Amino acid sequence: GNFNETQQKILKLKKEKNALILAHFYVPLEVQDIADIVGDSFEMAKRAKEAEEDLIVICGVRFMGEGAKILSPDKKVLVPAIDAGCPMADMVTVEDVLRLKAEHPDAAVMAYVNSSAAVKSVADICCTSSSAVRIAKSQDADEIIFVPDMHLAEYTAGKVPEKKFILHTGFCPTHHRITEADILAAKKAHPDAKIAVHPECRADVVKHADFIGSTAEILRFSRETDAREFIIGTEMEIAARLQREVPEKKFYSVTSAFVCPNMKKNTLQAVLNCLENEEYEIRLDEAEAAAARRSLERMVSC
Ligand code: 13P
Ligand code: SF4
């Protein structure tokens with residue numbers, strides 16, 4: 001390939017150190033380009049669990065690094081940006097989950113992977129946006145406590161009407177900021193475009209979509225659907241990736257403000273520093289990680 005100087009240094013070090021680099025689709029394209037695997041949250045977790053390399057670098061946000069460490073506890077797991085967190089993951093606490101459990105003792109607790117290791121440790125099972133419906137259906141319980149994303153919970157509840165959902169109040173600031181007026185304006189500007197959105201969007205945004213899915217699913221839908229224009233209702237790097245991959249189609253982000261600032265902390269320079277200095281290492285409380293592993297492994301094998 002045509003790699004710049006920093007990318008070449010990263011690729012050389014990656015080889016020397018036998019490192020596996022996993023990246024999320026929201027990190028800058030130039031970082032996606034040096035990764036071994038780019039995926040949605042589910043694919044990243046699955047791949048981290050199967051890793052044979054001694055060193056795993058997770059280009060994403062903190063819960064993704066923690067997830068890799070939980071699933072591959074004997075590996076050294078590094079993240080390039082120590083302060084790249086997910087604000088939604090910080091919206092739910094262990095106390096919130098325990099209170100909901102006390103109020104609904106027969107309910108199963110589903111924790112969206114966008115949550116801390118501590119919250120996962122008190123959940124029955126984890127899920128991602130691509131697996132939430134399947135996992136909810138797989139539960140024996142008739143009631144499901146879903147934390148933290150109220151929008152993904154509402155979307156999942158709509159697809160699994162046979163169960164009662166108990167919602168939390170969390171949301172993704174990046175997706176929540178997009179309003180119905182934004183989607184209607186984008187539709188007016190591009191009336192022939194197909195609309196693909198992430199289920200972290202508000203219900204009144206999701207209802208205008210032709211397709212609803214995870215980042216990887218939105219990419220697949222947009223590549224495979226026979227239309228010339230697409231409005232992409234998730235973080236802007238997805239539209240950028242599609243535009244580069246499929247130049248004969250047109251991809252429009254719903255607004256130019258559809259950015260996850262934490263994902264953007266994964267710069268090439270940060271990845272180079274990460275490999276050179278083997279920082280920042282994810283360390284977890286072992287008992288907590290063991291309890292969280294049960295929930296994550298149930299998700300991965302469901
Ligand atoms: P995906 O699992 O769809 O990649 O979503 C992760 C995420 O953080 C979306 O905001
Ligand atoms: Fe978290 Fe939203 Fe960023 Fe995804 S886009 S990592 S949910 S803040």
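Residues numbered from 1 in each chain as written. Chains lettered and ligands numbered in written order. Predicted model: local features only at pLDDT ≥ 70, side-chain atom pairs only at ≥ 80, totals over all residues.

Within an unreviewed UniProt entry, the label attached to the protein chain reads Quinolinate synthase, and the organism entered is Sporobacter termitidis DSM 10068. Quoted verbatim from the Pathway (unreviewed entry) field of UniProt, the annotation for the protein chain is "Cofactor biosynthesis; NAD(+) biosynthesis; quinolinate from iminoaspartate: step 1/1." Quoted straight from UniProt, the Function (unreviewed entry) entry for the protein chain says "Catalyzes the condensation of iminoaspartate with dihydroxyacetone phosphate to form quinolinate." (UniProt positions renumbered as here; feature names shortened; annotations may be inferred.)

Caption draft 1: Region of the structure containing the sheet that holds strand 5 (residues 108-112). The four strands lie next to each other as 6-5-7-8, forming an open sheet whose pairing is parallel. Each edge of the sheet is formed by a strand with only one pairing partner; in this case those strands are strand 6 (125-127) and strand 8 (164-167). The sheet shows a mean angle of 30° between the axes of neighbouring strands, direction not considered. Both strand 5 and strand 7 (residues 143-147) contribute to a ladder of four bridges, which runs parallel. From the neighbouring strand, Ala 108 faces strand 7, where its bridge partner is Ile 144. (Pairing = 2+ DSSP bridges. Helix = DSSP H or I, 4+ residues; strand = E, 2+ residues; numbered from the N terminus. Axes fitted to C-alpha atoms, helices over the stretch in contact; angles between N-to-C directions.)

Caption draft 2: Fine view of the domain arrangement of the protein chain. Splitting the protein chain by domain gives domain 1 (5-84 + 263-286), domain 2 (89-171 + 289-300) and domain 3 (178-253). The straight-line distance from the C-alpha centre of domain 1 to that of domain 2 is 26 Å. Counting from both sides, the interface comprises 16 residues of domain 1 and, opposite them, 15 residues of domain 2. Of all the elements in the fold, those that place two or more residues in the side of domain 1 that touches domain 2 are helix 3 (41-49) and helix 4 (62-71). (Domains from an automatic or database assignment. Contact = placed C-beta atoms within 7 Å.)

Caption draft 3: Spotlight on the site of ligand 1. Taken together, Asp 40, Ser 41, Phe 42, Asn 114, Thr 128, Ser 129, Ser 130, Cys 172, His 198, Glu 200, Ser 214 and Thr 215 form the complete shell of residues around ligand 1. Partitioned by chemical class, the residues of the shell around ligand 1 number two nonpolar, eight polar and two charged. (Near = placed C-beta within 6 Å. Nonpolar A, V, L, I, M, F, W, Y, C, P; charged D, E, K, R; others polar.)

Caption draft 4: Quick peek at the site of ligand 2. In the vicinity of ligand 2 lie 14 residues, with Val 61, Cys 86, Cys 172, Thr 174 and Cys 260 positioned nearest. Each residue belonging to the shell around ligand 2 can be placed in one class, and the counts come to eight nonpolar, four polar and two charged.

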